[in-house]
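What follows is each chain in one-letter form.
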Amino acid sequence: VYSPIGGIGTTSVAIGLAKAYAEAGEKTLYLNMEDVPSTLFHFQGNNQELNFSDVLYESIKDKPNLSAILSASHNYHNDGVSFIFPQNSSLELHELTKNQWHIFIQQLHRNKVFQRILIDMSTALDMKNLSVLSGSDKIILLAKEFDNAKEKLYRLEEYLKCTNPNLFDYKKNLDKFYLVENTTDNRKDEDKKKSGIQFFGKQINTKIPFDKYLALYGTIDMKHKFGDAIKSIKNCLA
């Protein structure tokens, strides 16, 4: 789950999708790869002996066993979603090389513990994020109708066109993008209007409407409008 726009709800969408998959009976892991993650605001667990730093360290060994470290480090939240305590330092996220990130994502694909892994990403367009985007099955791209947000989406498109294909080949990855417009903070029922947002010619796939519960409490409840929209995204991705 990615966006070049800050504060647009990538964490809410990533957690919501993780909950939706878990509710459907799939073993699901939520991974936060932000420099300053908010994982522990949303999840609680007691397994703190290992964290994401240990997962990254295992992944770059000569003979890594990622399934084993994921099993040993994850916490099982009461909504069925598993999570891992954040890394010791944000600097560790930027110590891996491009090749190491690619290998890490390949290992995630081959893991025998989880059926679904939702990655909550930062807004940066750095080597780490480009590597993760390139290796992902699907890219949930969040957007907004506001001028500043649309400008950032346009700039993202232009930057990807200029990116070295060895790092991110936008032509090969276009089919991965699933465009979501987030209108959860708009009380004017903008969700009923046709969106003018486009990304490489793609139209908005799903709109997340204003959710009074989310606006009031700042927490995710899958029983309200936000949850309905997230489940719609999940069903489309399947």
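Preceding this paragraph is the structure being described.
Please read all numbers here as calculations on a predicted model, not as lab measurements. (Residues numbered from 1 in each chain as written. Predicted model: local features only at pLDDT ≥ 70, side-chain atom pairs only at ≥ 80, totals over all residues. Heavy atoms only, no water.)

Asks: Break down the pairing of strand S1 (residues 28–32) for me, citing the residues and quoting the values.
Replies: Of all five residues that make up S1, five are buried, and the element is covered over most of its length. Here S1 shows no split at all, with Thr 28, Tyr 30 and Asn 32 on one side and Leu 29 and Leu 31 on the other all buried. Pairing analysis gives three bridges linking S1 to strand S3 (residues 81–84), with the strands arranged parallel. Bridge pairing links Tyr 30 to Phe 83 in S3. Taken together, the five bridges between S1 and strand S4 (residues 116–120) define a ladder with parallel strand orientation. The residue of S4 that forms the bridge with Leu 31 is Ile 119. (Buried < 20%, exposed > 50% of the residue type's maximum accessible area, 1.4 Å probe, protein only. Helix = DSSP H or I, 4+ residues; strand = E, 2+ residues; numbered from the N terminus. Pairing = 2+ DSSP bridges.)

Asks: Residues and numbers for the packing of aromatic side chains, please.
Replies: In the structure shown here, the tally under the stated rule is nine aromatic pairs. Ring geometry for Tyr 30 versus Phe 43: centroids 5.4 Å apart, planes at 45°, classification tilted. Note that Tyr 30 is positioned in strand S1 and Phe 43 in the loop between helix H2 (39–42) and helix H3 (52–59), a separation of 13 residues in sequence. Each of the two residues, Tyr 30 as well as Phe 43, counts as buried. Ring geometry for Trp 101 and Phe 104: centres 5.6 Å apart, planes at 80°, overall edge-to-face. Within this pair, Trp 101 and its partner Phe 104 are both found in helix H5 (residues 98–110), separated by three residues, close to a single helical turn. Pair check on accessibility: Trp 101 and Phe 104 agree, each one buried. An aromatic cluster is defined as three or more aromatic residues linked by ring pairs; in this entry it consists of Phe 168, Tyr 170, Phe 177, Phe 199 and Phe 200. (Phe/Tyr/Trp six-rings, centres within 6.5 Å; stacked < 30°, edge-to-face > 60°.)

Asks: Mind laying out helix H1 (residues 10–23), listing which residues take part and the relevant values?
Replies: The end-to-end C-alpha distance of H1 is 20 Å, a good match for the 20 Å that 14 residues give at a rise of 1.5 Å each. Among the 14 residues in H1, 13 count as buried, and that is most of the element. Directly after H1, the chain includes Gly 25, whose backbone phi takes a positive value near 90°. (Expected span 1.5 Å × (residues − 1).)

Asks: Before we move on, could you go through the pattern of salt bridges and cite the residues and values that matter?
Replies: Throughout the structure, instances matching the rule amount to nine salt bridges. Between Lys 61 and Glu 58 there is a salt bridge, and its shortest N-O distance comes to 3.0 Å. When its relative accessible area of 38% is taken as the criterion, Lys 61 is described as partly exposed. Judged by its relative accessible area of 11%, Glu 58 falls in the buried class. Taking the shortest distance from any N to any O, the salt bridge between Arg 155 and Glu 151 comes out at 2.9 Å. Taken together, the residues Arg 155 and Glu 151, both in helix H7 (residues 147–162) and four residues apart, mark about one turn of the helix. Relative accessible area serves as the criterion here: at 37%, Arg 155 is assigned to the partly exposed category. For Glu 151, a relative accessible area of 36% translates into the label partly exposed. (Salt bridge = Lys/Arg side-chain N within 4 Å of Asp/Glu carboxyl O.)

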